[in-house]
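Examining the three-dimensional arrangement
The chain contents come next:
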Amino acid sequence: METENKPLPGNPSLASSTEELLALAANDTGTYRYSVEDYFRKPALSAFQLSPGGTWIAYRERDERGRRPIFARHFETGEVRKILDEGDELIDGYMWVTDSRLLYVQDKSGDENHQLYGINVDGTGFQALTPFDGVKVMLLSQLKEDPEHIIIQMNKDNPELFEPFKINVISGALEKLFTNNDPVSPVTGYHFDKSGRLRAFTRQENGTEYVLLYRRDEASGFEEILRTGWQDSFDLLGFDYTSENPHLAFVSSNLESDTAELIRYDLAACTKTETLFRHETYDAGGLSLSRKRGYEIDFYYYTGEKDVIIPVSETYTKLHEHFTAFFEGQEFSVAGRTDDESRYLLYAGSDRSYGAYFLFDTGTGSFEKIADLMPHLDAAHMAAMRPVQFTSRDGLSLHGYLTLPAQAERGEKVPLIVNPHGGPYGPRDEWGFNPEAQLFASRGFATLQINYRGSGGYGKKFYLAGSKQIGRRMLDDLEDGVAFALNNFAIDEKRIAIYGGSYGGLAALGSLVKTPELYCCAVDYVGVSNLFTFYKSFPPYWKPFMGQLRAQWFDFEDEADQEIMKQVSPALNVDKITRPVYVVQGANDPRVNIHESDQIVENLRARGFHVPYMVKYNEGHGFQHEENRIELYKTMLGFFALHLNS
C-alpha cells in the first residue's frame, strides 16, 4: 500500500475518479443468473497442500474481507488450526517443509520482490527468513534429505544477478553456495542434486548464448559441455537416480527435433542415451518421479488441445486407471502426495467446472471430495470451450479456443471478444474453466483465444515464427482467427472487441492501430504502449536478457528495427486510433511500468478521446486483491455493454 511520505507512481491526475468508473460499470444493466462476484470472488476453500508425513492438510479459507488465511486440519483428530492471517499484503504462495513447519512468500503491493517467511503449524516460530528490501527471492530446491534447509536464489548482493543460498528454514541462517559476479556473462540457472550439491550451472554469454557447465565429481572443476542459442531449448529437469551411472540426467530438449522431447542425457559423455517421450505436434511438458520407489518415472505429461498424462510406472499406471474411471472424462491432475504415497491430492475440473479437490487413499482405494471450489456455479449453466484450428494467411497451422454463449449455439449472431494471451513468447492459452470467458458468455459475448505464432508448446519453428512479429504477423494471426470465427460460427462482424493483458494489452492497442475497421473497441490491461520506453523501464534483473530481447523482439540500436518499433508502438500512433479504449493498470507493476499506460491515456486524451483509466495503487502486473478484480470486471462489462450492445 502507498504511504503518506511516498509519492504515488505515475501521474495520479490521469486516473479516472471512482464516480466515473461507477458510471461506466452501470452500463451493464441486464438481469443475469450470476453476478461478477459469483465468477471472481475467491473460493471458500482453496490451495490445498498435504504435509510431507501426512499428518496435516493445509488450505486457505476465504473470510468476509476476501482475504485467505492459512488453516490446517489434522488427519487423525480432525482438529483445525488457523496458522496465519492474511492482511493487506497478500500471501502469494506457501509450502510445507516438515510436518510442523511451513514457508510462505509475500511481496509489497505487487512489486514482485518476494520475501520468504517461516511459521510453525501451531502459529509459533514466525521468522522473516529473507528480510532484505528490494530483493527478489525464488525457490530453487527443496531438500527432502535435509528438511531444515532449502536452496533459494536471490539478487541480494547485486540487483541484476541471482545467487544460490542454502537457508535454514527455522533460523534463517544463510550460506552462499556460488558467487555470481560477472554481469557480462552471468549465471542464469543452477542445478542441484537431491543432496544439495551444485552439479551444473548455465552461464549466459554475448546476451544470446547459453553455456552449460558440469562437474563430474566434487574434486573436479566445472567444464563446458554444451553451448546453445536462445532459439534452442536444453532444460535440465533433474538427475536420474535409478542408474549406476551418476552422470545421467532428465532433459527437455529440441536440439534434435522440432518439438521439445524428454530424453536421458549423459552429462559426462555429452550424449543423448535415450528418447523417453516425444509428440510430433506439441512440446513435451515434463515428467513425475517417485521418491519412495527410488525415483522411478511415474508419468510424462504435455499440453495439447487439453492436458495429457502418459502413465509409465506399473504403480502409477494402476492408479491412473482408478483416477480415470472415477473422474469419468474430466481433466484431472496430481496436485500432491505424501512422502509415503499413502495419500494423493487430486484436482479435477473441466471447461464448465471450476473444479474440485479430492483425496485418494491408496490403502483403501477410496476417494474423498474435500472441496468444490465454486459450487454455486452450476456446470449446466456454463459455456463449452471448444478447441479450434485454422490456417493463417501465410500457411501456419494455428490453434486456439472459442467459447460461445447460448445465443450463438442457437444460431443468433453475437458479439465477439478477441482475447490474446500475454508473453508473447512462451505462454499459451489452455483448455479449462476460464472465469473471464464464462462471464462474457453469460452476457451474450463469445470469446476467441488464439495461440498466435511465438506462443509456447507447439515446437521450435512455430515459436521462432513469432520473432520480430510483434505488431505485425502476430496481429495477422488474430485477424485470421476472427475471419475463421466469422465464417464458421454465429458472430456479428460489426460487434468485435479486443481485450488483453500485458503483451495482450499491446496487441489490443496495436490492433486498433493496424485494423481499426475490424474492432469496435479495446481494453488494455497492464499493457505495453511504447516499445522504446518499455525497454528503458525493465527491472535490474532483466538486464542479462536484453540480448535475447533485442534479437527476438526488436533491436532498439538498429535503424531498421527502430522504424518498426515506431510503427508498432500504439502510443506513437494514436492518430490512427479511432475506436474507444479502456485502460487498466497496477501502479507498482515491475514488468510493464505505469508510464506505459499513462502515456497512451495522455496521448489519446490530447486528441480529444474520452479514455476511462483505472489505476490501483496496491497492485502490480495483474490484480490480485478480490475487490479490485471484481471492480475491474464490472467496469469492463460496462465498457463492453456500451460499445458491443449498441
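Residues numbered from 1 in each chain as written. Predicted model: local features only at pLDDT ≥ 70, side-chain atom pairs only at ≥ 80, totals over all residues. Heavy atoms only, no water.

**Here we look at the pattern of salt bridges**
- Here the structure, examined in full by the defined rule, presents 55 salt bridges.
- Several salt bridges share partner residues, and in doing so they unite Arg203, Glu205, Glu209, Glu224 and Arg227 into one network. (Salt bridge = Lys/Arg side-chain N within 4 Å of Asp/Glu carboxyl O.)

**Regarding helix H8 (residues 503-514)**
- With 12 residues, H8 should reach 16 Å at 1.5 Å per residue; the first-to-last C-alpha distance of 16 Å fits that figure.
- Judged by how many residues are buried, H8 sits mostly within the fold: 11 of 12 residues are covered.
- Listing the buried residues of H8 in full gives Tyr503, Gly504, Gly505, Leu506, Ala507, Ala508, Leu509, Gly510, Ser511, Leu512 and Val513. (Helix = DSSP H or I, 4+ residues; strand = E, 2+ residues; numbered from the N terminus. Expected span 1.5 Å × (residues − 1). Buried < 20%, exposed > 50% of the residue type's maximum accessible area, 1.4 Å probe, protein only.)

**Looking at the side chain of Glu479**
- Structurally, the position occupied by Glu479 is in helix H7 (residues 473-488).
- Apart from residues lying up to four places away in sequence, Glu479 is in contact with Arg393, Lys514, Thr515, Leu518 and Tyr519. (Contact = heavy atoms within 4.5 Å.)

**Notes on the nonpolar core**
- Counting residues in hydrophobic clusters, the biggest one holds 78 residues, and the most contacted among them are Leu416, Leu531 and Ile600.
- Element by element, the count of residues in this core is highest for H8, at 7 residues.
- Judged by nonpolar contacts, the second largest core, of 33 residues, contains Tyr39, Phe440, Leu637 and Leu644. (Core = buried A, V, L, I, M, F, W, Y, C linked by side-chain atoms within 4.5 Å.)

**Regarding the sheet that holds strand S2 (residues 56-61)**
- Strand order in the open sheet formed by 4 strands is S1-S2-S3-S4, with antiparallel pairing between adjacent strands. Single-partner strands in this sheet number two, and they are strand S1 (45-50) and strand S4 (80-84). Across this sheet, the average inter-strand angle for adjacent strands is 30°, counted without regard to direction.
- Bridge count between strand S3 (residues 70-74) and S4: 4 bridges; the pairing is antiparallel. Looking at the pairing, Ala72 lines up with Arg81 of S4. (Pairing = 2+ DSSP bridges. Axes fitted to C-alpha atoms, helices over the stretch in contact; angles between N-to-C directions.)

**Quick look at the environment of Leu226**
- Note that Leu226 resides in strand S16 (residues 223-229).
- Take Leu226: its relative accessible area is 18%, and that puts it in the buried class.
- Between the C-alpha atom of Leu226 and that of Gly459, which follows or precedes it by 233 residues, the distance is 21 Å.
- Ignoring any residue separated from it by four or fewer positions in sequence, one finds Leu226 in contact with Tyr210, Val211, Leu212, Phe234 and Leu255.

**Some thoughts on helix H5 (residues 435-442)**
- With 7 of 8 residues buried, H5 lies mostly within the body of the structure.
- Buried residues of H5: Pro435, Glu436, Ala437, Gln438, Leu439, Phe440 and Ala441, and no others.
- Against helix H2 (36-40), strand S29 (397-403), strand S30 (414-418), strand S31 (446-451), strand S32 (491-501) and helix H13 (626-644) lie the buried residues of H5.
- Where H5 begins, the capping side chain belongs to Asn434, and its oxygen is found 2.9 Å from the backbone nitrogen of Glu436.
- Downstream of H5 by one or two residues, Gly444 has phi in the positive range, about 90°. (Polar contact = N/O pair within 3.5 Å; in protein donor to acceptor, adjacent residues only side chain to side chain.)

**Details of the packing of aromatic side chains**
- For the structure on display, the rule yields 51 aromatic pairs.
- A ring pair is formed by Phe40 and Tyr633, whose centres lie 3.9 Å apart and whose planes are at 10°; its orientation type is stacked. With Phe40 in helix H2 and Tyr633 in helix H13, this pair connects stretches of sequence that are 593 residues apart. The residues Phe40 and Tyr633 share a single accessibility class, namely buried.
- When the ring of Phe538 is compared with that of Trp542, the centres are 4.9 Å apart and the planes differ by 55°; the resulting orientation is tilted.
- Residue Phe538 is classed as buried on the basis of its relative accessible area of 11%.
- On the basis of relative accessible area, Trp542 is assigned to the partly exposed category, the value being 27%.
- Chaining the aromatic ring pairs together yields one cluster made of Phe299, Tyr301, Tyr316, Phe323, Phe326, Phe327, Phe332, Tyr344, Phe358, Phe360 and Phe367.
- Taking the ring centre of Phe239 as reference, the NZ or CZ of Arg199 above it sits at 4.3 Å.
- Lys306 extends its terminal NZ or CZ atom over the ring of Trp431, reaching a point 4.2 Å from the ring centre. (Phe/Tyr/Trp six-rings, centres within 6.5 Å; stacked < 30°, edge-to-face > 60°. Lys NZ or Arg CZ within 6 Å of the ring centre and 35° of its normal.)

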